[in-house]
Amino acid sequence: MFHIQESDLEVAENEKSVAVPVHEVTHADGRKAMLYVGNQAAACNSDTLLALNITSTLNVSVNIIVPAMQLADGTNVRRANVGLIDGNGNPASYLAGAVLTLHGLLNQASPGKTHYPAHRYGNVLVNCRGGRSRSVTVLGLYMHLTAPDQWPTLASAIDHIRALRGNAAHYPLQPMIDMAERLVDEGSLAKLLKI
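Remember, it's a predicted structure, so these values are computed and weren't measured experimentally. (Residues numbered from 1 in each chain as written. Predicted model: local features only at pLDDT ≥ 70, side-chain atom pairs only at ≥ 80, totals over all residues. Heavy atoms only, no water.)

Aromatic ring pairs: the centre-centre distance and the angle between the two ring planes describe each pair. One pass over the structure, following the stated rule, counts zero aromatic pairs. One cation-aromatic arrangement involves Arg31 over Tyr121; the distance from NZ or CZ to the ring centre is 4.2 Å. (Phe/Tyr/Trp six-rings, centres within 6.5 Å; stacked < 30°, edge-to-face > 60°. Lys NZ or Arg CZ within 6 Å of the ring centre and 35° of its normal.)

This is how it looks when you write it as C-alpha cells:
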C-alpha cells in the first residue's frame, strides 16, 4: 500500500473546514458553477456550504460517510459518493465513475417536484478526507477532459489545483495520478463526458 505520513500541519488542518475554488464551469445556457476542492470537515459544515453557495458535494473517500444536510435557506444538499482508496487498489473504472458522477452533479436538473427534497443549482464541492489527493485527482481529470483549451494536460490541471490548495508536491499520491493518466490515454472517458 502506498502511503505518505501526514505532517502535523496537515493533521491539524483536517479538523478545519477547507474549501478552495479551482475552476468555473459555464454551461451552454449561461449557468455557471464553481468547482471547489476540500476536506471532509467542509463537506459537513453547513455554514461553509451556504456561504460558498455549494449545493452539491461529491465525497471520494472510502469508508467516510457525509451525512444528509439541509442549509439554513431550506436547500437540501445533494450528496454523491464514490469511495476511492487513496493510492493503489482502485480499478480505473471507479475513478472514471467519480469523474462521471461529478459531471452528473453539474448537469443534473433541480426540478421542483413535491417528492424531491428542495434543491437549487449551485456550486459543487469535491472532497476526500483531507482534500489533497483523491479529490484533486478527480477534479484535475475532469478539468483536463472538459476544458483542454484551458488545461491542455492532466499535469497542468493538477498543478493548478495543487498550487491553489497549497498541497505538498507529493500530492496527489502517484498511484492516483498514474490511474488518471491511463484514463486519459485510453480516451473513452473523454467521449462519455461529451454525451
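Now that the structure is up, let's keep going.
Turning our attention to a nonpolar patch on the surface. Together, Leu100, Leu192 and Ile195 line one region of the surface with nonpolar side chains, adding up to about 300 Å² of accessible area. Here Ile195 lies in the segment after helix 8 (188-192). The exposure class assigned to Ile195 is exposed, which follows from its relative accessible area of 79%. (Patch = residues over 30% accessible without salt bridge, like charges linked within 9 Å, V, L, I, M, F, W, Y side chains within 5 Å. Areas by Shrake-Rupley, 256 points an atom, 1.4 Å probe, with all protein chains shown as cover. Salt bridge = Lys/Arg side-chain N within 4 Å of Asp/Glu carboxyl O. Helix = DSSP H or I, 4+ residues; strand = E, 2+ residues; numbered from the N terminus. Buried < 20%, exposed > 50% of the residue type's maximum accessible area, 1.4 Å probe, protein only.)

In a structure, side chains of opposite charge can pair up when their charged atoms sit close to one another. In the structure shown here, the tally under the stated rule is three salt bridges. One salt bridge connects Arg31 with Asp29, and the closest N-O pair in it is separated by 2.9 Å. Classification of Arg31 as partly exposed rests on a relative accessible area of 29%. Note that Asp159 is salt-bridged to Arg162, the shortest N-O span being 2.7 Å.

Here Asn39 is to be found in the loop between strand 2 (32-38) and helix 2 (40-43). Residue class for Asn39 comes out buried when judged on its relative accessible area of 0%. At 3.1 Å, the side chain of Asn39 forms a polar contact with the backbone nitrogen of Val18. Sequence-distant contacts of Asn39, that is, excluding residues within four places in its chain, are made with Glu13, Asn14, Lys16, Ser17, Val18, Asn127, Cys128, Arg129, Gly130 and Gly131. (Polar contact = N/O pair within 3.5 Å; in protein donor to acceptor, adjacent residues only side chain to side chain. Contact = heavy atoms within 4.5 Å.)

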